[in-house]
Amino acid sequence: MRQFANGAARRGYGGSVLLDRLGRPLRDLRISVTDRCNLRCTYCMPASVFGPDYAFLPRAELLTFEEIERLSRAFVALGVRKLRLTGGEPLLRRDLPELVARLSGIEGVDDIALTTNGLLLPRLAADLKAAGLKRVTVSLDSLDPEVFGQMNGLNVHPQRVLDGIEAALKAGLGVKVNTVVQRGVNDAGLRELWLALREQAVVRFIEFMDVGNHNGWNLDAVVPSREVLARLSANGTGAEFQPVNPHYRGEVAARHQDGAGHEVGLISSVTAPFCGDCSRARLSAVGVLYTCLFADQGTDLRAPLRAGADDAALRELIAGVWQGRRDRYSEERGEVTRERKVEMSHIGG
């Protein structure tokens, strides 16, 4: 087991902390604000399924900002310290800086981050930073225009994402870059991408996962993280990289540094699952609570919220769900088959 970077990373893991059936605390909440996206990435929202006639959620069904704030306060009261806004593409949600400002005013929240494809960051980064956003994670799968255009489904040029990263950095936001690696698709350009971005951001490479129901997942398309690290190395062995201790329990990316101190993250959810330390709950745009990225069902929080449930009742409902949680799909995927899983576009990554 990896060591912790410091003792503070372990504070709160016991006593009155809310734990699930496997002893995992509730620490992180990922909040989807929309199921819509302005890309059609093949591993998330392929255009063949999410085409022009696809019926996205009506606006009236989405949680309002007031409802998101109220539910977030309930989660924070139960131990959540980090909030992350996701989608779909969260920057498509109108007036998103207003929501960030609401969430940043919640006592007990240590960090507010956002996952985005970056296309709208040139317009919104400064306002988001001013509202209280601290970090963004930007998805960029290749610097090759043809490869990236195929992967995003709409032939969007990678320069548009690079412009978004530049805008985020200029606004003073911390930036991480996520790259989903697929064998035979974008794996040939991993070193080029890392070399281009390593001075600006922490680049993280993610093993291609079987999320949702439409991404055509095949184990043969998975490039193990150890192979990714070798590809990033100048000599093709990965020997120049040294592991770095995680900042906190439950950190999903195994961190490595080269001799010059450039950091790379490896998210090995297929070859080295990290379910045992998962502290994340996920709230869909319509208020359904999911306790696993690969869940096949969730708990409706919107109905009791709109029916007049008070804060105590909402906390009790959430606590009951978490205390009964025993999800560990990535560790069980070889033994358990789920015919249907919640779409990643509904609950983010």
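Just so we're clear, the structure is a prediction, and the values are computed from it rather than from any experiment.

## Describing the environment of Ala254
Structurally, the position occupied by Ala254 is in strand β8 (residues 254-257). Among the residues examined, Ala254 registers a relative accessible area of 22% and is labelled partly exposed. Along the sequence, Ala254 and Pro243 sit 11 residues apart, while their C-alpha atoms lie 7.5 Å from each other.

## Quick look at the side chain of His256
Within the secondary structure layout, His256 lies in strand β8. Sequence-distant contacts of His256, defined by excluding residues within four places in its chain, comprise Leu229, Phe241, Gln242, Pro243, Val244, His262, Glu263, Val264 and Leu266.

## Examining the sheet that holds strand β9 (residues 263-267)
Strand order in the open sheet made by the 12 strands is β7-β8-β9-β6-β5-β4-β3-β2-β1-β10-β11-β12, with mixed pairing throughout. The open sheet is flanked by β7 (242-244) and β12 (299-300), the only strands paired with a single partner. Against the sheet, helix α7 (residues 225-232) contacts β5 (174-181), β6 (202-207), β8 and β9, and its axis sits at roughly 155° relative to β9.

## Thoughts on the pairing of strand β2 (residues 82-86)
Of all 5 residues in β2, 4 are buried, a share of seventy percent or more. Of the strand pairs in this sheet, strand β1 (residues 28-32) and β2 are connected by 5 bridges, and their pairing is parallel. Its bridge partner being in β2, Leu29 is matched across the sheet by Leu83. A crossover connection joins β1 to the parallel β2 through helix α1 (residues 65-77); in handedness this β-α-β unit is right-handed.

## Comments concerning the nonpolar core
Counting residues in hydrophobic clusters, the biggest one holds 103 residues, and the most contacted among them are Ile31, Phe75, Leu85, Leu103, Val136 and Phe205. The greatest single-element share of this core, amounting to 6 residues, is contributed by α1. Leaving out residues up to four positions away in the same chain, Leu85 has contacts with Ile31, Val33, Pro90, Leu96, Leu99, Val100, Leu103, Ala113, Leu114 and Thr115.

## Focus: helix α6 (residues 190-197)
All of the buried residues in α6 are Leu190, Leu193, Trp194 and Leu197. The buried residues of α6 all sit within an arc of 95° when viewed along its axis, so they share a single face.

## Focus on the packing of aromatic side chains
Applying the stated criterion across every chain yields a total of 3 aromatic pairs. Consider the rings of Phe50 and Tyr54, whose centres lie 4.6 Å apart with planes at 50°: the pair is tilted. Their ring planes at 70° and their centres at 4.8 Å tell us that Tyr54 and Phe56 sit as a pair that is edge-to-face. Joined through ring pairs, the aromatic side chains of Phe50, Tyr54 and Phe56 make up one cluster. Over the face of the ring belonging to Trp194 we find Arg198, whose NZ or CZ atom lies 5.0 Å from the ring centre.

## Structural notes on the UniProt feature "binding site: S-adenosyl-L-methionine" (unreviewed entry) in the protein
When the UniProt feature table is mapped onto this chain numbering, "binding site: S-adenosyl-L-methionine" (unreviewed entry) sits at Tyr43, Gly88, Ser139 and Met209. Tracing the sequence through the fold places Tyr43 in the loop between β1 and α1. With respect to the element layout, Gly88 can be found in the loop between β2 and α2 (96-104). Given the relative accessible area of 23%, Gly88 is considered partly exposed.

## Thoughts on the pattern of salt bridges
Summed over all chains, the structure comprises 15 salt bridges. In this structure, Arg102 engages Glu66 in a salt bridge whose closest nitrogen and oxygen atoms are separated by 3.2 Å. A residue pair is termed long-range when its members are at least 10 positions apart, and Arg102 in helix α2 and Glu66 in helix α1 qualify at 36 residues. Residue Arg198 is joined to Asp258 by a salt bridge in which the shortest nitrogen-to-oxygen separation is 3.4 Å. Of this pair, Arg198 sits in the loop between α6 and β6 while Asp258 sits in the loop between β8 and β9; the two residues are 60 residues apart in sequence, bridging distant segments of the chain. The class of Asp258 is buried, set by a relative accessible area of 8%. Shared partners join several salt bridges into a network, and the residues in it are Glu66, Glu69, Arg73, Glu98 and Arg102.

## Describing the packing of α6 against α7
One can describe the packing of α6 onto α7 by two numbers: an axis separation of 8 Å at closest approach and a directional angle of 65°. Considering the angle they form, α6 stands roughly perpendicular to α7. Where α6 crosses over α7, the two elements pack in a sense that is right-handed. Within the contact between the two elements, α6 uses Leu190, Arg191 and Trp194 and α7 uses Val228, Arg231 and Leu232. For the contact of α6 with α7, the class distribution of residues is 4 nonpolar, no polar and 2 charged.

## Focus: the UniProt feature "binding site: GTP" (unreviewed entry) in the protein
Those residues carrying the UniProt feature "binding site: GTP" (unreviewed entry) are Arg30, Arg84, Thr115, Lys176, Arg280, Ala281 and Arg282 in this numbering. Mapped onto the elements, Arg280 comes out in strand β10 (residues 280-283). Discounting residues that sit within four places of it in the chain, Arg280 has contacts with Asp28, Arg30, Gly250, Val252, Phe274, Thr291, Trp322 and Arg325. By the element assignment, Ala281 lies in strand β10. The buried category is assigned to Ala281, whose relative accessible area is 0%.

Conventions and cut-offs
Residues numbered from 1 in each chain as written. Predicted model: local features only at pLDDT ≥ 70, side-chain atom pairs only at ≥ 80, totals over all residues. Heavy atoms only, no water. Helix = DSSP H or I, 4+ residues; strand = E, 2+ residues; numbered from the N terminus. Buried < 20%, exposed > 50% of the residue type's maximum accessible area, 1.4 Å probe, protein only. Contact = heavy atoms within 4.5 Å. Pairing = 2+ DSSP bridges. Axes fitted to C-alpha atoms, helices over the stretch in contact; angles between N-to-C directions. Right-handed = clockwise from strand over helix to strand, strands pointing away. Core = buried A, V, L, I, M, F, W, Y, C linked by side-chain atoms within 4.5 Å. Arc of directions from axis to C-beta. Phe/Tyr/Trp six-rings, centres within 6.5 Å; stacked < 30°, edge-to-face > 60°. Lys NZ or Arg CZ within 6 Å of the ring centre and 35° of its normal. UniProt positions renumbered as here; feature names shortened; annotations may be inferred. Salt bridge = Lys/Arg side-chain N within 4 Å of Asp/Glu carboxyl O. Parallel < 35°, antiparallel > 145°, perpendicular 65-115°, else oblique. Left-handed = near helix turned anticlockwise from the far one by under 90°. Nonpolar A, V, L, I, M, F, W, Y, C, P; charged D, E, K, R; others polar.

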